[in-house]
Amino acid sequence: MEIWINPACSKCRSAIGLLDAEGAEYTVRRYLEDVPSEDEIREVLGRLGLEPWDITRTQEAAAKELGLKDWPRDAGARDRWIAALSEHPKLIQRPIITADDGTAVVGRSEEAVRDALSR
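What comes next concerns the included structure. (Residues numbered from 1 in each chain as written. Predicted model: local features only at pLDDT ≥ 70, side-chain atom pairs only at ≥ 80, totals over all residues. Heavy atoms only, no water.)

1. Notes on the nonpolar core
(1) Moving on: Ranked by internal contacts, the top residues of the largest apolar core, which has 21 residues, are I55, I92 and I96.
(2) Moving on: The set of elements that each furnish at least two residues to this core consists of helix 2 (38-48), helix 3 (61-66) and helix 4 (78-87).
(3) Moving on: Ignoring anything within four residues of it in the chain, the contact list for I92 reads Y31, P36, I41, I55, R57 and L85.
(4) Moving on: Core analysis: the next-biggest nonpolar cluster, separate from the first, contains 14 residues, M1, C9, L18 and I97 among them. (Core = buried A, V, L, I, M, F, W, Y, C linked by side-chain atoms within 4.5 Å. Buried < 20%, exposed > 50% of the residue type's maximum accessible area, 1.4 Å probe, protein only. Helix = DSSP H or I, 4+ residues; strand = E, 2+ residues; numbered from the N terminus. Contact = heavy atoms within 4.5 Å.)

This is the structure we're talking about:
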């Protein structure tokens, strides 16, 4: 199991605390420092069953500068969104937990983290 975190994020710290409390084995990826490639983002999106706009933090300054709210949300724009997430990793929703069964969850709630633990 791997968890993508920003250490400054309270939701990330909560998820780590729950993983620790449950004795889970996991690897931490500080994705702002160890930025995921476009291919890694595609893989995680596949595991999540989501589109790039579904995991984009649209209220971030970079999102506003890029004008993301006006970008199309369709197959033709998918690569553009993925490139933006790789170029501006702060836009990636967090934490993302990749489960051992090949799936992933956005662990913003205790329920989602527990879901990842059960896989």
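Now, onward.
2. Comments concerning the pairing of strand 2 (residues 27-30)
(1) Moving on: Where strand 1 (residues 2-5) and strand 2 come together, four bridges link them in parallel fashion. Paired with W4 across the strands is R29, a residue of strand 2.
(2) Moving on: Once the chain exits strand 1 it traverses helix 1 (residues 10-21) before rejoining the sheet at strand 2, and the crossover so formed is right-handed. (Pairing = 2+ DSSP bridges. Right-handed = clockwise from strand over helix to strand, strands pointing away.)

3. Things to note about the packing of aromatic side chains
Think of a pair of aromatic rings as described by two things: how far the centres are apart, and how the planes are tilted against each other in angle.
(1) Moving on: If you walk through the whole model with that rule in mind, you get three aromatic pairs.
(2) Moving on: With a centroid separation of 5.8 Å and an interplanar angle of 70°, the aromatic rings of W53 and W81 are classed as edge-to-face. Taken together, the positions of W53 in the loop between helix 2 and helix 3 and W81 in helix 4 put the pair 28 residues apart, joining distant regions of the chain.
(3) Moving on: What makes W53 buried here is its relative accessible area of 13%. (Phe/Tyr/Trp six-rings, centres within 6.5 Å; stacked < 30°, edge-to-face > 60°.)

4. Quick notes on the sheet that holds strand 3 (residues 96-98)
(1) Moving on: The four strands lie next to each other as 2-1-3-4, forming an open sheet whose pairing is mixed. Where the open sheet ends on each side, the last strands, each with one partner, are strand 2 and strand 4 (104-106). In this sheet, neighbouring strand axes are inclined to one another by 20° on average, regardless of whether the strands run parallel or antiparallel.
(2) Moving on: As paired elements, strand 3 and strand 4 share three bridges and run antiparallel to each other. The partner of I97 across the bridge, within strand 4, is V105.
(3) Moving on: Lying over the sheet, helix 1 contacts strand 1 and strand 2, oriented at roughly 155° with respect to strand 1.
(4) Moving on: Taken strand by strand, helix 5 (residues 110-117) contacts strand 3 and strand 4, and its axis lies near 170° from that of strand 4. (Axes fitted to C-alpha atoms, helices over the stretch in contact; angles between N-to-C directions.)

In short, shape yes, function no, at least from these values alone.
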